[in-house]
Amino acid sequence: MVTKSVTVNNQVGLHARPATFFIQKANEFKCSIWVEKEDDRKVNAKSLLGVLSLGIVCGTTINIIADGVDEEKAVDTLADLVNNQFAE
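To start, this report covers the structure provided alongside it. Computed from a predicted model, the values in this text were never measured in an experiment. (Residues numbered from 1 in each chain as written. Predicted model: local features only at pLDDT ≥ 70, side-chain atom pairs only at ≥ 80, totals over all residues. Heavy atoms only, no water.)

In this section: the pattern of salt bridges. Considering all chains together, one arrives at two salt bridges under this definition. The partner of Asp76 in a salt bridge is Lys4, and the shortest N-O contact between them spans 2.9 Å. Here the residue Asp76 occupies a position in helix α3 (residues 71-83), and Lys4 occupies one in strand β1 (residues 2-7), the gap between them amounting to 72 residues. On the accessibility criterion, Lys4 (31% relative accessible area) is partly exposed. Notably, a salt bridge pairs Lys25 with Glu28, separated by 3.6 Å at the nearest N-O pair. With a relative accessible area of 27%, Lys25 lands in the partly exposed category. (Salt bridge = Lys/Arg side-chain N within 4 Å of Asp/Glu carboxyl O. Helix = DSSP H or I, 4+ residues; strand = E, 2+ residues; numbered from the N terminus. Buried < 20%, exposed > 50% of the residue type's maximum accessible area, 1.4 Å probe, protein only.)

So this is what it looks like as structure tokens:
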């Protein structure tokens with residue numbers, strides 16, 4: 001299991017379009033991936049409703065957690081996506 005903390009710094013947070021990019025990227029990996037909001041619950045990173053339900057806004061620190069065969073690559077890729085403000 002691999003965990004990485006990142007801060008969401010794009011203007012709208014992890015809502016609608018950025019969440020869609022995030023989920024599409026998460027679905028490219030075979031491992032299980034979760035997003036955990038600081039002091040909150042953990043949701044499936046491959047679920048749009050789950051990710052949106054966290055209400056992640058600009059400045060929120062999240063933990064990206066992965067467990068499985070490609071866990072390190074998954075966490076690094078998703079953290080880079082967040083750090084680059086979801087630019088493709």
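What follows covers the packing of aromatic side chains. All told, the structure shown has zero aromatic pairs when counted by the stated rule. Stacked on the ring of Trp34, the Lys or Arg Lys42 has its end atom at 5.0 Å from the ring centre. (Phe/Tyr/Trp six-rings, centres within 6.5 Å; stacked < 30°, edge-to-face > 60°. Lys NZ or Arg CZ within 6 Å of the ring centre and 35° of its normal.)

Another aspect to go through is the sheet that holds strand β2 (residues 32-37). The strand order across the open sheet built from four strands is β1-β4-β2-β3, with neighbouring strands paired in antiparallel fashion. A strand with exactly one partner marks an edge of an open sheet, and here the two such strands are β1 and β3 (42-44). On average, each strand axis in the sheet is inclined to that of its neighbour by 25 degrees, with strand direction left out of account. Of the strands in this sheet, β1, β2 and β4 (61-67) are in contact with α3, which crosses β1 at around 0 degrees. (Pairing = 2+ DSSP bridges. Axes fitted to C-alpha atoms, helices over the stretch in contact; angles between N-to-C directions. Contact = heavy atoms within 4.5 Å.)

Before going further, it helps to spend a moment on the pairing of β2. Only one face of β2 is covered, namely the one carrying Ile33, Val35 and Lys37; the face carrying Ser32, Trp34 and Glu36 has none of its residues buried. Summarising the sheet, β2 and β4 pair through six bridges and their orientation is antiparallel. Within the sheet, the bridge partner assigned to Glu36 lies in β4 and is Asn63. Where β2 meets β3, three bridges bridge the pair, whose relative direction is antiparallel. By the bridge assignment for β3, Val35 is matched with Val43. Taking the residues between adjacent antiparallel strands as the criterion, β2 and β3 are bridged by four residues, where Asp39 takes a positive phi near 55 degrees.

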